[in-house]
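Structural description and commentary
Chain residues, written in single-letter form:
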Amino acid sequence: MNAALLVLVVLAIAVLAAIVVLLVRARRAVGSLEEPPSTIAPSPVAVPPEPTTSVEDSEESAATSLLDVDLDTEPTYRERLGRSRGLFGTLRSLRGRRSLDADALSELEDVLLRSDVGVATTEALVASVRRAAEEGTLDGGDGLLEALRTDLISILTVDPAGIPIDRHLSTAVRDGHVPVWLFVGVNGVGKTTTIGKLAARESAAGRRVLLAAGDTFRAAAADQLAMWAERAGSEIVRGAEGGDPSSVVFDAIAAAGARGADLVLADTAGRLHTKVNLIEELKKIRRVADREPGEVTEVLLVLDATTGQNGITQARLFGEAVDATGVVLTKLDGTARGGVVIAIQRELGLPVKLVGLGEQADDLVIFDPVSFVDALLEA
Ligand code: GDP
């Protein structure tokens, strides 16, 4: 009897255990259906790798490419060339047009002239497109824009003698020397701001930059430069208001040599306190900047893009006096007419090396002809 009771109890326990197992399984099945999607394990592909920048890498980039700092915030031509893109809008509207009439060519001429390309260059560009049209090699509006794009890029990348235009900014000096970049141009064009932007970018790239406040005409210019220097973490040498600009530049270069700076950026005045001829003063600054341990590797003519052809005439005077190596074209954003880039290249025979696309530190970029032309012509 006792044995029968034992068998019954064992059976009852087994049945109960089976019921519990079934219940747990059923519950798990319901639970997995209700699971929120966020609990799905992330795919390994979605996990970004750890940055692996080595010291060698950053040293190499610092040594080879000035301004080549990959800032996410760098502006694009397309977003900043407001007015210039507006001027080229009528040409962009030729896209998709099957046939071209005389009006299309006069439209082209009008746009180029209004955008400050200059008379001679406009005539050359229109003649080139007309020739292609007469030869029957232009395929409607798209063909016209393509031909114009090719011609514009060619003007901006190859000089009239067929030599590729060199836009690189040099810091190549003899052993023990400090490269010096001089910035010249009339008041208000943006020299001080450009130097400040460059200091910020070069410091960010790990270079030791020293600024020379050679614009002693305006105390505000030195103050403005000092503000940029502080922001950028670079050093500055300044003199008294109305002092001798050459001696400020000389002192700055001596300090740069003593402190082992990588680059000196020297501001100059667009006007002078004394009756000394400005051009003579600039020539003197250049000579002084070339004395040991300084070596002038760039003389950058700063031009305000909004002054168009007037600015070019002024710039010619400065450029010839100091043997400029290139142009910084500021204020290409806003109300500038973009064609002035082409006029400068043609009329001054100097490459536009840097362009200002706004007032912030990130708004100074190396001029890129293809992106520039595409921003004007692409929809
Ligand atoms: P400087 O007299 O040649 O040293 O000229 P400044 O550097 O003092 O600049 C004159 C004005 O132009 C300032 O208000 C700057 O903020 C402004 N500026 C300089 N570069 C640019 C630029 O690329 N875009 C715009 N929109 N303004 C600029």
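Predicted model, so just to flag it, every value in this text is computed and none were measured. Every chain is numbered on its own, with residues counted from 1 as its sequence reads. Confidence filtering applies because this is a predicted model: local features only for residues at pLDDT of at least 70, side-chain atom pairs given and counted only at 80 or more, and all residues used for totals across whole chains, interfaces and linings.

Moving on to the overall build of the protein. Secondary structure follows DSSP: runs of H or I at least 4 residues long count as helices, runs of E at least 2 residues long count as strands, and numbering of each begins at the N terminus. Counting its secondary structure elements, the protein contains 15 helices and eight strands. The buried share among the 379 residues of the protein stands at 37%. Counting other C-beta atoms within 10 Å of a residue's C-beta gives its exposure: the residue is buried at 20 or more, exposed at 12 or fewer, and partly exposed in between, where C-beta atoms are placed from the backbone.

Time to look at the confidence of the model for the protein. The predicted structure's coordinates, where accompanied by low pLDDT, should not be read in detail. On a scale of 0 to 100, pLDDT captures the predictor's confidence in every residue. With 82% of its residues at a pLDDT of 70 or more, the protein has an overall mean of 83. C-beta atoms are placed from the backbone for every residue, and two residues are taken to be in contact when these atoms lie within 7 Å. This model gives residues 26-65 a pLDDT under 50, and the stretch forms seven contacts once residues within four places in sequence are excluded.

Moving on: the site of the ligand. In this analysis a residue is considered near a molecule or strand if the C-beta atom, reconstructed from its backbone, is found within 6 Å of that molecule or strand. Surrounding the ligand, one finds 19 residues, the nearest of these being Gly190, Lys191, Thr192, Thr193 and Gly356. For the shell around the ligand, the element with the highest residue contribution is helix H9 (residues 191-204), accounting for three residues. In this count, Pro and Cys sit with the nonpolar residues alongside Ala, Val, Leu, Ile, Met, Phe, Trp and Tyr, while Asp, Glu, Lys and Arg are called charged and the others, Gly among them, polar. A class-by-class count of the residues in the shell around the ligand yields three nonpolar, 11 polar and five charged.

Now for the pairing of strand E4 (residues 263-267). Remark: a regular strand shows side chains that alternate across the two faces of the sheet. In terms of burial, E4 is largely enclosed, as five of its five residues are buried. Residue alternation in E4 divides its side chains into two sets, Leu263, Leu265 and Asp267 and Val264 and Ala266, and both sets are buried. For two strands to be treated as a pair, DSSP must find no fewer than two bridges joining them. Relative to E4, strand E1 (residues 178-184) runs parallel, the two sharing four bridges. Bridge pairing in E4 places leucine 182 opposite alanine 266. In this sheet, E4 lies alongside strand E2 (residues 209-213) in parallel orientation, the contact comprising four bridges.

Turning our attention to the packing of helix H13 (residues 308-322) against helix H14 (residues 340-348). Relative orientation of the contacting elements H13 and H14 amounts to 35 degrees, with a least axis distance of 10 Å. Where H13 crosses over H14, the handedness of that crossing is right-handed. Listed contacts from H14 to Gly308, Gln309, Ile312, Ala315, Arg316 and Gly319 of H13 are Val340, Ala343, Ile344, Glu347 and Leu348. Counted by class, the contact of H13 with H14 contains six nonpolar, three polar and two charged residues. A fitted line through C-alpha atoms represents every axis, and for helices the fit uses only the stretch in contact; the resulting angles, taken between N-to-C directions, go from 0 to 180 degrees. If you view the pair so one helix is near and one far, a crossing is left-handed when the near helix is turned anticlockwise from the far one by less than a right angle, and right-handed when it is turned clockwise.

Our focus in this paragraph is the sheet that holds strand E6 (residues 326-330). Taken in spatial order, the eight strands line up as E3-E2-E4-E1-E5-E6-E7-E8 in an open sheet, and their pairing is mixed. Each of the sheet's edge strands pairs with one partner strand only, and the pair in question is strand E3 (235-238) and strand E8 (364-366). Direction aside, the axes of adjacent strands within the sheet are offset by 25 degrees on average. Inspection of the sheet shows E1 paired to strand E5 (residues 294-304) by seven bridges, in the parallel sense. The residue of E5 that forms the bridge with phenylalanine 183 is leucine 300. Lying over the sheet, helix H11 (residues 245-259) contacts E1, E2, E3, E4 and E5, oriented at roughly 165 degrees with respect to E2.

Our focus in this paragraph is helix H10 (residues 219-232). Over its 14 residues, H10 runs 20 Å from end to end, which matches the ideal 20 Å to within 8%, given 1.5 Å per residue. Buried within H10 we find Ala221, Ala222, Leu225, Trp228, Ala229 and Ala232. On an axial view of H10, the arc spanned by its buried residues comes to 120 degrees, and they lie on one face. Away from its buried face, by an angle of more than 90 degrees, H10 presents the exposed residues Ala220 and Glu230. Against the buried residues of H10 lie H9, E2, E3 and E4. In the stretch just after H10, glycine 233 is the one whose phi turns positive, near 75 degrees. Every helix has an expected span of 1.5 Å times one less than the residues it contains. Within this analysis, the arc is defined by the directions that extend from the helix axis to the C-beta atoms.

Across the five residues that make up E2, a large majority, five, are buried. With burial as the criterion, each face of E2 is covered, one bearing Val209, Leu211 and Ala213 and the other bearing Leu210 and Ala212. Examined bridge by bridge, E2 and E3 share four bridges and lie parallel to one another. Note on E3: the bridge partner recorded for alanine 213 is arginine 238.

A negative phi angle is the norm for most residues apart from glycine, just as the trans form is the norm for most peptide bonds. The amide bond that connects glutamate 292 to the next residue, proline 293, takes the cis arrangement and shows omega of -5 degrees. Counting through the fold element by element, proline 293 comes out in the loop between helix H12 (278-289) and E5. For aspartate 116, which is not glycine, the phi torsion reads 75 degrees and is therefore positive. Here aspartate 116 is to be found in the loop between helix H6 (102-114) and helix H7 (119-134). Positive phi is not limited to glycine here, since aspartate 323 has a value of about 60 degrees. Checked against the element boundaries, aspartate 323 lands in the loop between H13 and E6.

Here we take up helix H15 (residues 369-377). Structurally, the α-helix is built with 3.6 residues per turn, so residues lying three or four positions apart point the same way. Residues of H15 that are buried include every one of Pro369, Phe372, Val373 and Leu376, and no others. One side of H15 carries all its buried residues, which in axial view fall inside an arc of 90 degrees. Buried positions along H15 lie against helix H3 (77-80), helix H4 (82-87), helix H8 (140-157) and H14.

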